[in-house]
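Summary of the model geometry
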2 protein chains.
Amino acid sequence: METLRERKKARTRDALLHAALELFTTKGYEQTTVDEIAEVVDVSQRTFFRYFASKEEAAFFVPRLTETHFVEAVRARPPHEAPLEALRRAVLESWDTINEAIQQVVPLELHMRTYRVIESTPALLAAHLRRSMELEEELARIVAGREGLDVDTDHRPRLVVAVFGGVMRVVERMWIAGDDLSIEAMRELTAAHLDGVGPALAGNWRASQSY
Amino acid sequence: METLRERKKARTRDALLHAALELFTTKGYEQTTVDEIAEVVDVSQRTFFRYFASKEEAAFFVPRLTETHFVEAVRARPPHEAPLEALRRAVLESWDTINEAIQQVVPLELHMRTYRVIESTPALLAAHLRRSMELEEELARIVAGREGLDVDTDHRPRLVVAVFGGVMRVVERMWIAGDDLSIEAMRELTAAHLDGVGPALAGNWRASQSY
DNA sequence: AGGCTAATGTCAGCCGCTGACAGTTGACAA
DNA sequence: TTGTCAACTGTCAGCGGCTGACATTAGCCT
């Protein structure tokens, strides 16, 4: 059974998150002060920083959820799949199942708008890229593990992951720039672009020699 | 002939830059306050911000020089070279000629140490990655221009550039992590790694079909 | 009911950064 | 050389993100 205190905390956090994203997407990230966010929820500014380590963290709360969701999907892939194939299936699969997880926290449409803000706000874009880099490092280790390789001596895991990450970033930008902000549109873009690079890199590593 | 006023300005800027980098590399970027930097040079904090738009900008002053140097080297490459080949030659070439340009502003060794700070300071790393992304966009357009392609319809320019950028970032990290901080070491790492990926992507585009 | 602890508010303060205004110093012509 | 103009600088006041310390409130548990 969930205690009252816990429910209250969850409600405050959700309210803060919702207020923050709503303000970010309407008046812009930089134009929004933490005081404003706190005022909407009617708590002190100090309380905001007890829930979120920084203003930035509020913007990235949902993206963090989708990340862990995706990484788990990658780990769950059968080991016989080629690396890029496993990554590909994991993204597409997680796109399908992430919706409900997101919507329990924030309206999907608000999340979409937030992505646009992230991409168009220099400070947030920078943070996003750094996080992507950390994610790629994690993925490289997973891929290396699947293939029985050492990520420090064999560079191929990092290479595929880098290519994969590069494609995903391009897809993100196209999705955000386009009109259709639906998950289906994202699915299609992802599939099409990954199919494009696939042939160039999806060879059977275990049989081929390294470079 | 250079006026006294201009010389004074240049001297102040150099002093601020030097003091900033020296402090960043000894006590760390976050631990260094702008007041401290200004105090070393014996100017007001306000003056610092008249020379550098932000504390960050001081850290990236020299990197910005090397960037423009490199981009110009790429533009100068003969158009018959394949894209990746042109990029490869441009980096290696600019490594050789950038030294003097740097040393006119800051001791080379201080610049090296600064790179380590950038890579190990989250906020700086994030800014560095964002700048890399902007640079890749510029390079993609240059490559597309050379090949007579439209960067918005044909994704191959962005792909090579992304791969190139990915390799360069890996090389940067290895160089910084290693003991040999010389330009020669950087040259070797760059050459070796680019030779590795080359074969996989250096085909003759104009003859081959797009995917 | 009352003690314990988690959650919150308040306050003071640091740091990055900016606008406004005044004072100083170099440039340049009369 | 001197006086005028423009550039450079210092000072000050203030905003916004963020933090530590301490007091207060509110839920939990016996």
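Our structure is the block above this text.
Okay, so let's go over this structure. In this text the structure is predicted, and so the values were computed from the model without any measurement.

Its volume calculated, the largest pocket comes out at about 1000 Å³. Of all elements in the fold, only α8 (122–147) and α9 (156–177) of chain A together with α8 (122–147) and α9 (156–177) of chain B reach the threshold of two or more residues within the lining of the largest pocket. At ten residues, α9 of chain B tops the list of elements feeding residues into the lining of the largest pocket. Looking at the lining of the largest pocket residue by residue, the class counts come to 18 nonpolar, six polar and 13 charged.

Relative to the assigned elements, R64 of chain A resides in helix α5 (residues 61–75). Along the sequence, R64 of chain A and V106 of chain A sit 42 residues apart, while their C-alpha atoms lie 13 Å from each other.

Let's shift gears to the interface of chain B and chain A. The partner chain A presents 18 residues to the 17 residues of chain B that form the contact. Both sides together, the interface formed by chain B and chain A hides about 1700 Å², and carbon and sulfur atoms give 76% of it. Our enumeration of links across chain B and chain A arrives at two salt bridges. In this structure, R173 of chain B and E137 of chain A form a salt bridge, with 3.6 Å as the shortest nitrogen-oxygen distance. Applying the counting criterion to the chain B and chain A interface returns two residue pairs in polar contact (both at pLDDT 80 or more). Within the residue set of the side of chain B that touches chain A, elements represented by two or more residues are α8, α9 and α10 (183–201) of chain B.

So, on to the relation of the copies chain B and chain A. Its rotation angle being 180 degrees, the transformation that places chain B on chain A also includes 0.1 Å of axial translation and leaves an RMSD of 0.0 Å. Those values place the two copies in the arrangement expected of a two-fold rotation axis. Residue A126 of chain B, judged by its C-alpha, is the member of chain B lying nearest the rotation axis, at 2.4 Å. Here 100% of the contact residues of chain B are again contact residues in chain A; the copies associate through an equivalent surface.

With that out of the way, let us pick up the side chain of E67 of chain B. Residue position: E67 of chain B is located in helix α5 (residues 61–75). Those residues in contact with E67 of chain B that sit more than four places away from it in its chain are R131 and L135 of chain B.

Next up on the list: the protein's contact with DNA strand D. In the vicinity of DNA strand D lie 22 residues, with T3, K8 and K55 of chain A together with T47 and R50 of chain B positioned nearest. What you see for DNA strand D is that sugar and phosphate hold 58% of its atoms within 4 Å of the protein. Side-chain polar atom of R50 of chain B to a base oxygen of DNA strand D: 2.6 Å apart, as the coordinates give it. Put simply, the parts of the chain that give the surface near DNA strand D at least two residues each are α1 (4–27) and α3 (45–51) of chain A together with α1 (4–27) and α3 (45–51) of chain B.

Taken together, 23 residues lie near DNA strand C, and K9, T47 and R50 of chain A together with T3 and K55 of chain B sit nearest. Put simply, 56% of the atoms of DNA strand C that lie within 4 Å of the protein are in sugar or phosphate. Interatomic distance of 3.3 Å between a side-chain N/O atom of R5 of chain A and a sugar or linking oxygen of DNA strand C. Note that a phosphate oxygen of DNA strand C is positioned 3.1 Å from one of the backbone N or O atoms of R5 of chain B.

Moving on to the packing of aromatic side chains. Applying the stated criterion across every chain, the model contains 13 aromatic pairs over all chains. Arranged with centres 4.9 Å apart and planes meeting at 65 degrees, the rings of F24 of chain B and Y29 of chain B form a pair that is edge-to-face. Accessibility assignment for this pair places F24 of chain B and Y29 of chain B in one class, buried. Among the aromatic side chains, those forming a connected cluster through ring pairs are F48, F49, F52 and F61 of chain A. The ring of Y29 of chain A has K55 of chain A sitting right over it, with the charged end atom 4.5 Å from the ring centre.

So, how was this worked out
Residues numbered from 1 in each chain as written. Chains lettered and ligands numbered in written order. Predicted model: local features only at pLDDT ≥ 70, side-chain atom pairs only at ≥ 80, totals over all residues. Heavy atoms only, no water. 1 Å grid on protein atoms, 1.4 Å probe; cavity = no way out; pocket = protein on both sides within 12 Å on 5 of 7 lines; lining within 4 Å. Points joined across faces, edges and corners; volume = space filled by probe spheres on them. Helix = DSSP H or I, 4+ residues; strand = E, 2+ residues; numbered from the N terminus. Nonpolar A, V, L, I, M, F, W, Y, C, P; charged D, E, K, R; others polar. Contact = heavy atoms within 4.5 Å. Buried area = accessible area lost by both parts, 1.4 Å probe. Salt bridge = Lys/Arg side-chain N within 4 Å of Asp/Glu carboxyl O. Polar contact = N/O pair within 3.5 Å; in protein donor to acceptor, adjacent residues only side chain to side chain. Least-squares fit on C-alpha atoms with pLDDT ≥ 70 in both. Near = heavy atom within 4 Å. Phe/Tyr/Trp six-rings, centres within 6.5 Å; stacked < 30°, edge-to-face > 60°. Buried < 20%, exposed > 50% of the residue type's maximum accessible area, 1.4 Å probe, protein only. Lys NZ or Arg CZ within 6 Å of the ring centre and 35° of its normal.

That's the geometry; what it means functionally is another story.
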